[in-house]
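An overview of the molecular structure
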Protein chains: 2
Amino acid sequence: MSAPLIFHFDFSSPYGYLASTKIDALGARHGRDVIWKPFLIGATLKVTGLPVLMEVPLKGDYSRHDFARSARFHGVSYNHPDPFPISTQAPARAFYWVAAQDPVRAKQLAVALLQAYFVEGINISNPADTVAVAKGLGHDAAALEAALNDPAVKALLKDEVDAAMGKGVFGSPFVFVDGEPFWGIDRFDQIERWLATGGF
Amino acid sequence: MSAPLIFHFDFSSPYGYLASTKIDALGARHGRDVIWKPFLIGATLKVTGLPVLMEVPLKGDYSRHDFARSARFHGVSYNHPDPFPISTQAPARAFYWVAAQDPVRAKQLAVALLQAYFVEGINISNPADTVAVAKGLGHDAAALEAALNDPAVKALLKDEVDAAMGKGVFGSPFVFVDGEPFWGIDRFDQIERWLATGGF
(Lines give C-alpha, C1' and ligand atoms only; values in the text may rest on other atoms or scores of the structure.)
Protein backbone atom coordinates (compact mmCIF):
# COMPACT_ATOMS: atom_id res chain seq x y z
CA MET A 1 0.00 0.00 0.00
CA SER A 2 1.25 3.49 -0.87
CA ALA A 3 1.85 6.23 1.69
CA PRO A 4 -1.22 7.34 3.63
CA LEU A 5 -3.01 10.60 2.93
CA ILE A 6 -2.71 13.18 5.71
CA PHE A 7 -6.03 14.84 6.57
CA HIS A 8 -5.81 18.05 8.61
CA PHE A 9 -9.03 19.53 9.98
CA ASP A 10 -10.40 21.72 12.77
CA PHE A 11 -13.27 20.33 14.86
CA SER A 12 -15.15 23.63 14.34
CA SER A 13 -14.80 23.68 10.54
CA PRO A 14 -17.96 22.85 8.56
CA TYR A 15 -15.96 22.03 5.43
CA GLY A 16 -13.62 19.90 7.54
CA TYR A 17 -16.64 18.04 8.89
CA LEU A 18 -18.04 17.47 5.38
CA ALA A 19 -14.59 16.29 4.24
CA SER A 20 -14.35 13.90 7.19
CA THR A 21 -17.36 11.99 5.86
CA LYS A 22 -15.66 11.47 2.47
CA ILE A 23 -11.90 11.25 2.94
CA ASP A 24 -11.50 7.61 4.06
CA ALA A 25 -13.60 6.33 1.15
CA LEU A 26 -11.67 8.56 -1.24
CA GLY A 27 -8.39 7.13 0.02
CA ALA A 28 -9.70 3.56 -0.07
CA ARG A 29 -10.68 3.90 -3.75
CA HIS A 30 -6.98 4.36 -4.44
CA GLY A 31 -5.53 1.93 -1.90
CA ARG A 32 -4.58 4.64 0.57
CA ASP A 33 -5.04 4.82 4.31
CA VAL A 34 -5.79 8.23 5.79
CA ILE A 35 -4.16 9.68 8.89
CA TRP A 36 -6.37 12.26 10.62
CA LYS A 37 -4.69 15.23 12.25
CA PRO A 38 -6.88 17.85 13.94
CA PHE A 39 -5.37 21.31 14.27
CA LEU A 40 -6.50 24.70 15.55
CA ILE A 41 -7.62 27.28 12.98
CA GLY A 42 -7.27 29.93 15.67
CA ALA A 43 -3.52 29.29 15.75
CA THR A 44 -3.25 29.67 11.97
CA LEU A 45 -5.11 32.99 12.08
CA LYS A 46 -2.31 34.36 14.25
CA VAL A 47 0.13 33.48 11.47
CA THR A 48 -1.95 34.45 8.44
CA GLY A 49 -3.36 37.57 10.08
CA LEU A 50 -6.78 36.69 8.67
CA PRO A 51 -9.97 37.51 10.59
CA VAL A 52 -12.50 34.95 11.79
CA LEU A 53 -14.49 34.01 8.69
CA MET A 54 -17.92 34.71 10.15
CA GLU A 55 -16.89 38.26 11.00
CA VAL A 56 -15.91 39.18 7.43
CA PRO A 57 -18.51 41.45 5.77
CA LEU A 58 -20.26 39.79 2.79
CA LYS A 59 -18.08 36.65 2.97
CA GLY A 60 -19.35 35.66 6.42
CA ASP A 61 -22.99 35.71 5.34
CA TYR A 62 -22.22 33.85 2.12
CA SER A 63 -20.24 31.21 3.99
CA ARG A 64 -23.02 30.46 6.42
CA HIS A 65 -25.37 29.95 3.46
CA ASP A 66 -22.76 27.83 1.68
CA PHE A 67 -22.12 25.55 4.67
CA ALA A 68 -25.70 24.27 4.63
CA ARG A 69 -25.98 24.16 0.84
CA SER A 70 -22.67 22.28 0.53
CA ALA A 71 -23.86 19.78 3.13
CA ARG A 72 -27.01 19.15 1.08
CA PHE A 73 -24.91 18.91 -2.09
CA HIS A 74 -22.68 16.26 -0.50
CA GLY A 75 -25.60 14.47 1.16
CA VAL A 76 -24.34 15.03 4.70
CA SER A 77 -26.48 15.82 7.75
CA TYR A 78 -25.79 19.35 8.99
CA ASN A 79 -27.37 21.60 11.57
CA HIS A 80 -25.51 24.88 11.80
CA PRO A 81 -24.31 24.90 15.41
CA ASP A 82 -24.67 27.67 17.94
CA PRO A 83 -22.24 28.85 19.21
CA PHE A 84 -20.15 28.93 16.07
CA PRO A 85 -17.23 28.86 15.66
CA ILE A 86 -15.84 27.37 18.85
CA SER A 87 -12.35 26.80 20.19
CA THR A 88 -11.43 23.16 19.79
CA GLN A 89 -8.62 22.46 22.20
CA ALA A 90 -10.74 19.98 24.16
CA PRO A 91 -11.75 17.68 21.26
CA ALA A 92 -8.31 17.98 19.62
CA ARG A 93 -6.48 17.09 22.84
CA ALA A 94 -8.88 14.21 23.42
CA PHE A 95 -8.14 12.99 19.91
CA TYR A 96 -4.36 12.98 20.34
CA TRP A 97 -4.60 11.44 23.80
CA VAL A 98 -6.51 8.50 22.33
CA ALA A 99 -4.41 8.41 19.15
CA ALA A 100 -1.22 7.93 21.15
CA GLN A 101 -2.62 4.55 22.17
CA ASP A 102 -5.00 3.60 19.36
CA PRO A 103 -5.29 5.58 16.08
CA VAL A 104 -8.38 3.63 14.99
CA ARG A 105 -10.29 4.51 18.14
CA ALA A 106 -9.08 8.12 17.83
CA LYS A 107 -10.66 8.37 14.39
CA GLN A 108 -13.90 6.88 15.75
CA LEU A 109 -13.84 9.50 18.50
CA ALA A 110 -13.33 12.28 15.96
CA VAL A 111 -16.32 11.08 13.95
CA ALA A 112 -18.45 11.07 17.10
CA LEU A 113 -17.26 14.55 18.17
CA LEU A 114 -17.96 16.05 14.74
CA GLN A 115 -21.40 14.41 14.72
CA ALA A 116 -22.06 15.78 18.22
CA TYR A 117 -21.22 19.34 17.18
CA PHE A 118 -22.53 19.55 13.60
CA VAL A 119 -25.63 17.38 13.92
CA GLU A 120 -26.63 17.25 17.58
CA GLY A 121 -25.56 20.78 18.50
CA ILE A 122 -23.40 19.71 21.44
CA ASN A 123 -20.78 22.33 22.31
CA ILE A 124 -17.66 20.18 22.29
CA SER A 125 -15.49 23.17 23.23
CA ASN A 126 -16.64 22.33 26.77
CA PRO A 127 -14.28 19.70 28.15
CA ALA A 128 -17.21 18.04 29.94
CA ASP A 129 -19.08 17.61 26.65
CA THR A 130 -16.04 16.22 24.86
CA VAL A 131 -15.51 13.81 27.76
CA ALA A 132 -19.15 12.73 27.63
CA VAL A 133 -18.89 11.91 23.93
CA ALA A 134 -15.71 9.91 24.58
CA LYS A 135 -17.32 8.10 27.50
CA GLY A 136 -20.12 7.03 25.17
CA LEU A 137 -17.48 5.21 23.13
CA GLY A 138 -16.12 3.43 26.19
CA HIS A 139 -13.22 5.73 27.05
CA ASP A 140 -12.26 6.30 30.67
CA ALA A 141 -13.93 9.63 31.54
CA ALA A 142 -11.80 10.42 34.60
CA ALA A 143 -8.56 9.64 32.78
CA LEU A 144 -9.56 11.78 29.78
CA GLU A 145 -10.67 14.64 32.01
CA ALA A 146 -7.23 14.63 33.59
CA ALA A 147 -5.54 14.30 30.19
CA LEU A 148 -7.22 17.47 28.89
CA ASN A 149 -5.27 19.45 31.47
CA ASP A 150 -2.07 17.43 31.24
CA PRO A 151 0.83 19.61 30.02
CA ALA A 152 2.14 16.65 28.03
CA VAL A 153 -1.15 16.33 26.14
CA LYS A 154 -1.29 20.09 25.60
CA ALA A 155 2.24 19.93 24.18
CA LEU A 156 1.23 17.02 21.92
CA LEU A 157 -1.47 19.18 20.31
CA LYS A 158 0.74 22.25 20.12
CA ASP A 159 3.46 20.26 18.37
CA GLU A 160 0.93 18.90 15.84
CA VAL A 161 -0.42 22.39 15.12
CA ASP A 162 3.09 23.80 14.68
CA ALA A 163 4.05 20.89 12.43
CA ALA A 164 0.94 21.40 10.30
CA MET A 165 1.64 25.11 9.86
CA GLY A 166 5.26 24.24 9.12
CA LYS A 167 3.98 22.22 6.16
CA GLY A 168 1.81 25.16 5.03
CA VAL A 169 -1.57 24.32 6.57
CA PHE A 170 -3.72 27.44 6.96
CA GLY A 171 -7.30 26.19 6.54
CA SER A 172 -9.59 23.22 7.03
CA PRO A 173 -9.74 20.67 5.50
CA PHE A 174 -6.18 20.44 4.24
CA VAL A 175 -4.98 17.20 2.67
CA PHE A 176 -1.51 16.07 1.64
CA VAL A 177 -1.11 13.44 -1.05
CA ASP A 178 2.56 12.38 -1.20
CA GLY A 179 3.45 15.92 -0.10
CA GLU A 180 1.13 17.68 -2.56
CA PRO A 181 -1.14 20.14 -0.66
CA PHE A 182 -4.89 20.47 -1.28
CA TRP A 183 -7.03 22.95 0.64
CA GLY A 184 -10.79 22.53 0.83
CA ILE A 185 -13.35 19.83 0.21
CA ASP A 186 -13.69 21.55 -3.17
CA ARG A 187 -10.27 20.16 -4.11
CA PHE A 188 -11.41 16.57 -3.60
CA ASP A 189 -11.97 16.31 -7.37
CA GLN A 190 -8.32 17.25 -7.88
CA ILE A 191 -7.20 14.80 -5.17
CA GLU A 192 -9.17 12.05 -6.89
CA ARG A 193 -7.45 12.70 -10.20
CA TRP A 194 -4.05 13.12 -8.55
CA LEU A 195 -4.43 9.69 -6.93
CA ALA A 196 -5.66 8.11 -10.15
CA THR A 197 -2.94 9.53 -12.36
CA GLY A 198 0.02 10.15 -10.05
CA GLY A 199 -0.15 13.90 -10.57
CA PHE A 200 -1.03 16.35 -13.32
CA MET B 1 -35.27 30.54 -22.39
CA SER B 2 -34.90 31.00 -18.63
CA ALA B 3 -33.21 33.96 -16.99
CA PRO B 4 -29.51 34.40 -17.79
CA LEU B 5 -26.78 33.53 -15.34
CA ILE B 6 -24.84 36.52 -14.02
CA PHE B 7 -21.08 36.00 -14.06
CA HIS B 8 -19.03 38.44 -11.97
CA PHE B 9 -15.24 38.36 -12.31
CA ASP B 10 -12.15 40.52 -11.91
CA PHE B 11 -9.74 40.72 -14.86
CA SER B 12 -6.85 39.98 -12.48
CA SER B 13 -8.42 36.87 -10.91
CA PRO B 14 -6.92 33.52 -12.01
CA TYR B 15 -10.01 31.61 -10.88
CA GLY B 16 -12.19 34.16 -12.68
CA TYR B 17 -10.16 33.55 -15.83
CA LEU B 18 -10.52 29.78 -15.52
CA ALA B 19 -14.25 30.20 -14.94
CA SER B 20 -14.56 32.45 -17.99
CA THR B 21 -13.49 29.53 -20.18
CA LYS B 22 -16.28 27.31 -18.80
CA ILE B 23 -19.26 29.46 -17.87
CA ASP B 24 -20.91 29.96 -21.28
CA ALA B 25 -20.82 26.22 -22.04
CA LEU B 26 -22.17 25.48 -18.56
CA GLY B 27 -25.07 27.86 -19.13
CA ALA B 28 -25.71 26.52 -22.64
CA ARG B 29 -26.02 22.95 -21.33
CA HIS B 30 -29.06 24.18 -19.40
CA GLY B 31 -30.47 26.63 -21.94
CA ARG B 32 -29.12 29.69 -20.16
CA ASP B 33 -27.40 32.73 -21.55
CA VAL B 34 -24.67 34.26 -19.40
CA ILE B 35 -24.22 37.98 -18.72
CA TRP B 36 -20.62 38.89 -17.90
CA LYS B 37 -20.01 41.62 -15.34
CA PRO B 38 -16.42 42.51 -14.47
CA PHE B 39 -15.90 44.13 -11.08
CA LEU B 40 -12.93 45.30 -9.00
CA ILE B 41 -11.71 43.01 -6.23
CA GLY B 42 -9.80 45.98 -4.80
CA ALA B 43 -13.11 47.68 -4.09
CA THR B 44 -14.46 44.62 -2.28
CA LEU B 45 -11.35 44.41 -0.10
CA LYS B 46 -12.21 47.84 1.25
CA VAL B 47 -15.58 46.44 2.36
CA THR B 48 -14.47 43.03 3.59
CA GLY B 49 -11.30 44.33 5.21
CA LEU B 50 -9.42 41.34 3.77
CA PRO B 51 -5.78 41.65 2.66
CA VAL B 52 -4.52 41.03 -0.86
CA LEU B 53 -4.42 37.24 -1.23
CA MET B 54 -0.81 37.00 -2.35
CA GLU B 55 0.33 38.86 0.78
CA VAL B 56 -1.28 36.41 3.21
CA PRO B 57 1.33 34.16 4.87
CA LEU B 58 0.95 30.47 3.93
CA LYS B 59 -2.24 31.09 1.92
CA GLY B 60 -0.50 33.28 -0.66
CA ASP B 61 2.12 30.63 -1.47
CA TYR B 62 -0.51 27.90 -1.63
CA SER B 63 -2.71 29.98 -3.90
CA ARG B 64 0.03 30.63 -6.41
CA HIS B 65 0.67 26.87 -6.58
CA ASP B 66 -3.07 26.19 -6.84
CA PHE B 67 -3.63 28.67 -9.71
CA ALA B 68 -1.35 26.72 -12.03
CA ARG B 69 -2.48 23.30 -10.82
CA SER B 70 -6.15 24.25 -11.18
CA ALA B 71 -5.46 25.49 -14.72
CA ARG B 72 -3.92 22.11 -15.60
CA PHE B 73 -6.85 20.34 -13.91
CA HIS B 74 -9.34 22.29 -16.00
CA GLY B 75 -7.26 22.02 -19.20
CA VAL B 76 -6.80 25.78 -19.55
CA SER B 77 -3.61 27.54 -20.73
CA TYR B 78 -2.09 29.57 -17.91
CA ASN B 79 1.16 31.45 -17.45
CA HIS B 80 1.27 33.11 -14.05
CA PRO B 81 1.56 36.79 -14.96
CA ASP B 82 4.04 39.31 -13.62
CA PRO B 83 3.07 41.78 -12.23
CA PHE B 84 0.31 40.05 -10.28
CA PRO B 85 -2.23 41.05 -9.18
CA ILE B 86 -2.95 44.21 -11.15
CA SER B 87 -5.59 46.92 -10.92
CA THR B 88 -8.19 46.35 -13.59
CA GLN B 89 -9.97 49.65 -14.11
CA ALA B 90 -8.75 49.88 -17.72
CA PRO B 91 -10.01 46.50 -18.98
CA ALA B 92 -13.22 46.75 -16.94
CA ARG B 93 -14.02 50.25 -18.25
CA ALA B 94 -13.24 49.10 -21.79
CA PHE B 95 -15.63 46.20 -21.30
CA TYR B 96 -18.56 48.35 -20.14
CA TRP B 97 -17.88 50.95 -22.82
CA VAL B 98 -18.25 48.26 -25.49
CA ALA B 99 -21.08 46.48 -23.66
CA ALA B 100 -23.19 49.64 -23.71
CA GLN B 101 -23.31 49.25 -27.50
CA ASP B 102 -22.79 45.53 -28.09
CA PRO B 103 -22.77 42.92 -25.29
CA VAL B 104 -21.55 40.17 -27.63
CA ARG B 105 -18.48 42.14 -28.69
CA ALA B 106 -17.88 43.09 -25.04
CA LYS B 107 -17.67 39.42 -24.13
CA GLN B 108 -15.27 38.80 -27.01
CA LEU B 109 -13.14 41.67 -25.75
CA ALA B 110 -13.13 40.21 -22.23
CA VAL B 111 -11.95 36.85 -23.57
CA ALA B 112 -9.13 38.58 -25.50
CA LEU B 113 -8.09 40.67 -22.46
CA LEU B 114 -8.01 37.65 -20.15
CA GLN B 115 -5.99 35.73 -22.74
CA ALA B 116 -3.61 38.67 -23.07
CA TYR B 117 -2.96 38.79 -19.33
CA PHE B 118 -3.04 35.13 -18.28
CA VAL B 119 -1.45 33.55 -21.35
CA GLU B 120 0.57 36.22 -23.14
CA GLY B 121 1.70 38.14 -20.06
CA ILE B 122 0.46 41.52 -21.32
CA ASN B 123 -0.12 43.97 -18.47
CA ILE B 124 -3.70 45.05 -19.24
CA SER B 125 -3.71 47.41 -16.26
CA ASN B 126 -1.95 49.79 -18.67
CA PRO B 127 -4.63 51.63 -20.63
CA ALA B 128 -2.42 51.48 -23.73
CA ASP B 129 -2.24 47.68 -23.56
CA THR B 130 -5.98 47.33 -23.04
CA VAL B 131 -6.54 49.65 -26.00
CA ALA B 132 -4.14 47.63 -28.16
CA VAL B 133 -6.03 44.41 -27.41
CA ALA B 134 -9.32 46.13 -28.28
CA LYS B 135 -7.85 47.57 -31.48
CA GLY B 136 -6.89 44.03 -32.51
CA LEU B 137 -10.60 43.19 -32.42
CA GLY B 138 -11.49 46.16 -34.61
CA HIS B 139 -12.47 48.68 -31.94
CA ASP B 140 -11.72 52.37 -32.43
CA ALA B 141 -8.50 52.92 -30.46
CA ALA B 142 -8.78 56.70 -30.16
CA ALA B 143 -12.41 56.53 -29.05
CA LEU B 144 -11.62 53.84 -26.45
CA GLU B 145 -8.59 55.76 -25.17
CA ALA B 146 -10.85 58.74 -24.57
CA ALA B 147 -13.56 56.55 -23.04
CA LEU B 148 -11.15 55.18 -20.40
CA ASN B 149 -10.90 58.69 -18.96
CA ASP B 150 -14.53 59.64 -19.51
CA PRO B 151 -16.27 60.35 -16.16
CA ALA B 152 -19.43 58.73 -17.54
CA VAL B 153 -17.56 55.48 -18.28
CA LYS B 154 -15.87 55.59 -14.88
CA ALA B 155 -19.29 56.01 -13.29
CA LEU B 156 -20.63 53.08 -15.30
CA LEU B 157 -17.99 50.80 -13.79
CA LYS B 158 -18.38 52.22 -10.30
CA ASP B 159 -22.13 51.63 -10.43
CA GLU B 160 -21.60 48.02 -11.55
CA VAL B 161 -19.10 47.40 -8.74
CA ASP B 162 -21.43 48.91 -6.15
CA ALA B 163 -24.37 46.90 -7.50
CA ALA B 164 -22.33 43.68 -7.35
CA MET B 165 -21.30 44.30 -3.75
CA GLY B 166 -24.90 45.21 -2.98
CA LYS B 167 -25.83 41.69 -4.07
CA GLY B 168 -23.10 40.22 -1.85
CA VAL B 169 -20.22 39.79 -4.33
CA PHE B 170 -16.87 39.66 -2.52
CA GLY B 171 -14.71 37.39 -4.69
CA SER B 172 -14.07 36.21 -8.23
CA PRO B 173 -15.67 34.36 -9.92
CA PHE B 174 -19.10 34.92 -8.41
CA VAL B 175 -22.16 33.55 -10.23
CA PHE B 176 -25.86 34.09 -9.63
CA VAL B 177 -28.36 31.50 -10.78
CA ASP B 178 -31.86 32.90 -10.35
CA GLY B 179 -30.56 34.90 -7.40
CA GLU B 180 -28.69 32.00 -5.78
CA PRO B 181 -25.04 33.01 -5.13
CA PHE B 182 -22.07 30.76 -5.92
CA TRP B 183 -18.49 31.84 -5.22
CA GLY B 184 -15.59 30.16 -6.98
CA ILE B 185 -15.00 27.92 -9.96
CA ASP B 186 -15.07 25.16 -7.35
CA ARG B 187 -18.81 25.71 -7.02
CA PHE B 188 -19.43 24.98 -10.69
CA ASP B 189 -20.38 21.42 -9.74
CA GLN B 190 -23.08 22.87 -7.48
CA ILE B 191 -24.20 25.29 -10.20
CA GLU B 192 -24.49 22.39 -12.63
CA ARG B 193 -26.74 20.45 -10.26
CA TRP B 194 -28.72 23.57 -9.33
CA LEU B 195 -29.47 24.19 -12.99
CA ALA B 196 -30.31 20.53 -13.62
CA THR B 197 -32.62 20.14 -10.63
CA GLY B 198 -33.93 23.64 -9.93
CA GLY B 199 -32.19 23.80 -6.55
CA PHE B 200 -31.28 21.45 -3.74
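Residues numbered from 1 in each chain as written. Chains lettered and ligands numbered in written order. Predicted model: local features only at pLDDT ≥ 70, side-chain atom pairs only at ≥ 80, totals over all residues. Heavy atoms only, no water.

**A look at the pattern of salt bridges**
Pairing between side chains becomes possible if they bear opposite charge and their charged atoms approach one another. Condition: What makes a salt bridge here is a side-chain nitrogen of Lys or Arg within 4 Å of a carboxyl oxygen of Asp or Glu, nothing more. Counting from the N terminus, the helices are the DSSP runs of H or I reaching at least four residues and the strands are the DSSP runs of E reaching at least two. Relative accessibility under 20% of the residue-type maximum defines a buried residue, over 50% an exposed one, and the middle range a partly exposed one, all with a 1.4 Å probe and only protein chains included.
Counted according to the given criterion, the structure contains 18 salt bridges over all chains. Two residues, E180 of chain A and R69 of chain B, come together in a salt bridge whose shortest N-O distance is 2.8 Å. In this pair, E180 of chain A sits in strand β4 (residues 180–183) while R69 of chain B sits in helix α4 (residues 59–74), so the two residues belong to two different chains. Look at R69 of chain B and you get buried, because its relative accessible area is 0%. One salt bridge connects K37 of chain B with E160 of chain B, and the closest N-O pair in it is separated by 3.1 Å. Pair noted here: K37 of chain B is in strand β2 (residues 34–38) and E160 of chain B is in helix α9 (residues 151–166), with a separation of 123 residues, a long-range link. Three or more residues joined by partner-sharing salt bridges are found here, namely D66, R69 and D186 of chain A together with E180 and R187 of chain B.

**Focus on the relation of the copies chain B and chain A**
Threshold: Here the copies are matched by least squares. The fit uses the C-alpha atoms of residues with pLDDT of at least 70 in both. The contact criterion used is simple: two residues touch if any of their non-hydrogen atoms lie within 4.5 Å.
When chain B is fitted to chain A, the residual RMSD is 0.0 Å, and the transformation amounts to a turn of 180° plus an axial shift of 0.0 Å. Put plainly, the chains are arranged around a two-fold axis. When each C-alpha of chain B is compared by its distance to the rotation axis, D186 of chain B comes out closest, at 2.8 Å. Both copies contact each other with a shared surface, as 100% of the interface residues of chain B are interface residues in chain A too.

**With respect to the interface of chain B and chain A**
The line we're drawing: Simply put, the buried area is the total loss of 1.4 Å probe accessible area from both parts when two parts are fitted together. Here a polar contact means two N or O atoms within 3.5 Å. Within protein one must be a hydrogen donor candidate and the other an acceptor candidate, and residues neighboring in sequence count only if both atoms are side-chain atoms.
Taken together, the contact between chain B and chain A spans 32 residues of the former and 32 residues of the latter. Interface area, chain B with chain A, both sides summed: about 3,200 Å², of which 60% is carbon and sulfur. The largest contributions to the chain B side of the interface with chain A come from L58, Y62 and F73 of chain B, which together make up 22% of the buried area. Our enumeration of links across chain B and chain A arrives at 6 salt bridges. Put simply, D186 of chain A and R187 of chain B hold a salt bridge, and the shortest N to O gap is 2.8 Å. Where chain B meets chain A, there are 20 residue pairs in polar contact (both at pLDDT 80 or more). Of all the secondary-structure elements, those providing two or more residues to the side of chain B that touches chain A are α3 (41–48), α4, β4 (180–183) and α10 (188–197) of chain B. Take the side of chain B that touches chain A: its biggest share by element is 8 residues, from α4 of chain B.

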